[in-house]
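Observations on chain architecture
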Amino acid sequence: MTTRIVVLASGNGSNLQALLDASADGRLNARIVAVVSNNAEAFAHSRAANSGVPSLSVTKLPDETREQYDTRLGEAVAAFQPHFVVLAGWMRILTMSFLSAFPNQVINLHPALPGEFPGTHAIERAHAEHQQSGLTRTGVMVHYVPDERVDEGDVIASVEVPIAPLDSLKTLEARVHAAEHTLLVQAMQQLAQAHDRNHPAPKPNQ
Ligand code: GAR
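As a convention, each chain's residues are numbered from 1 in the sequence order in which they are written. pLDDT decides what is reported in this predicted model: residues at 70 or higher carry local features, side-chain atom pairs at 80 or more are listed and counted, and totals for whole chains, interfaces and linings draw on all residues regardless. With hydrogens and water stripped out, all remaining heavy atoms of the structure feed into the side-chain values.

In this section: the overall build of the protein. Strands here mean DSSP runs of E at least two residues long; helices mean DSSP runs of H or I at least four residues long; both are numbered from the N terminus. Each helix and strand in the protein was counted, giving 6 helices and 7 strands. Within these notes, the globule rule equals 2.2 Å times the number of residues to the 0.38 power, and the radius of gyration is based on C-alpha atoms. Taking 17 Å as the expected radius of gyration for a compact globule of 206 residues, we find that the protein reaches 17 Å, a close match to that expectation. Overall size of the protein, expressed as C-alpha extent along the three principal axes, is 60 × 45 × 30 Å. A 1.4 Å probe rolled over the protein chains alone gives each residue an accessible area, and that area as a share of the maximum for its type sets the label: buried under 20%, exposed over 50%, partly exposed in between. With 206 residues in all, the protein has 45% of them scored as buried. Residue contacts are counted whenever heavy atoms from the two residues lie within 4.5 Å of one another. Residue pairs in contact within the protein that sit at least 24 positions apart in sequence constitute 64% of those at least 6 positions apart. To be clear on the numbers: accessible area is Shrake-Rupley with a 1.4 Å probe, and residue cover counts the displayed protein chains and nothing else. Summed over its atoms, the accessible surface of the protein is roughly 10,300 Å², and 52% of this surface lies on carbon and sulfur atoms. When charges are counted, neither His nor the chain ends are considered; positive counts come from Lys and Arg and negative counts from Asp and Glu. One atom stands in for each charge, and that atom is NZ of Lys, CZ of Arg, CG of Asp or CD of Glu. Between the averaged position of the 15 positive side-chain charges in the protein and that of its 21 negative side-chain charges there is a distance of 6 Å.

In the vicinity of the ligand there are 13 residues, among which G13, S14, N15, H110 and E180 approach most closely. Counted as a polar contact is a pair of N or O atoms within 3.5 Å, where, for protein atoms, one must be capable of donating a hydrogen and the other of accepting one, and residues adjacent in sequence contribute only when both atoms are in side chains. At a separation of 2.7 Å, an oxygen atom of the ligand approaches a polar backbone atom of G13. At 2.3 Å from an oxygen atom of the ligand is found a side-chain nitrogen or oxygen belonging to E180. Alone, the ligand offers 450 Å² of accessible surface; in the complex the protein occludes 87% of this. Those elements that provide at least two residues to the shell around the ligand are α1 (14-25), β5 (106-110) and α6 (169-198). Of the residues in the shell around the ligand, the class split is 3 nonpolar, 8 polar and 2 charged. We call a residue near a molecule or strand as soon as one heavy atom of that residue lies within 4 Å of the molecule or strand. Residue polarity is assigned by list, with Asp, Glu, Lys and Arg as charged and Ala, Val, Leu, Ile, Met, Phe, Trp, Tyr, Cys and Pro as nonpolar; anything else, Gly included, falls into the polar class.

Take the environment of V142 next. Residue placement: V142 occurs in strand β6 (residues 137-144). V142 sits 14 residues away from I156 along the chain, and the two C-alpha atoms are 5.5 Å apart. Discounting chain neighbours no more than four positions away, the residues touching V142 are I107, N108, L109, V155, I156, A157, L183, L184 and A187.

So, about the packing of helix α5 (residues 122-133) against α6. What describes two packed helices is the angle between their axes and the distance between those same axes. Closest axis-to-axis distance for the α5/α6 pair is 10 Å, and the angle between their directions is 125°. Here α6 runs oblique to α5, going by the angle between their axes. Crossing angle aside, the handedness with which α5 passes α6 is right-handed. Here I123, E124 and H127 of α5 come into contact with α6, specifically with L169, L172, E173, V176 and H177. Considering only residue class, the contact of α5 with α6 consists of 4 nonpolar, 2 polar and 2 charged. All axes are obtained by fitting lines to C-alpha atoms, using only the stretch in contact for helices, and the reported angles, taken between N-to-C directions, cover 0 to 180 degrees. Orientation categories follow fixed angle ranges, with anything under 35 degrees roughly parallel, anything over 145 roughly antiparallel, 65 to 115 roughly perpendicular, and all other angles oblique. Left-handed describes a crossing whose near helix is turned anticlockwise from the far helix by less than a right angle; the clockwise case is right-handed.

Pasting the structure below:
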């Protein structure tokens, strides 16, 4: 059965684009069935539209608790019957109200190595540490999201990204983003292949 992926993205969506491109050209044997954003202005919506993928905004209402919002978000995502939910630049911490609806199915991308620079501005913080104390590498990881801990969970794939002596924040960001685009596609292809093995398509006469 074709692996179905819903992507959650809050902003630019360059990693969403990497998944859309890989799905279109066959490097990723999976379908991006929907894009959901917490931000109606996110460029991710345009990227989805350009690929003919439905996208919707689920924005938090002022009188809603985080749990109520996450329940509503979970219902919107579940309607697309995903096998995996990929957080690609999703900048909200999800509560168990969302996560318990998708056990072992929520995957996060983070622009740092496991255990390093959790939270926002990870590349900026790695660059600052390079300047202050000579850090020579950072990295990228893709991991499961089992609970509310930020940027933690079993690692599916990770890769080191070197920091060059004369790197500006901009040049380092470009290198990290390029690594993300490759690693996210590889990790999702690995999961899609495992999914296909466990759920083979029925033969025509079955
Ligand atoms: C990416 O670098 C992603 O790893 C990061 O946000 C960026 C989104 O870029 N996510 C986190 O920092 C999560 N802690 P994009 O919108 O161009 O894909």
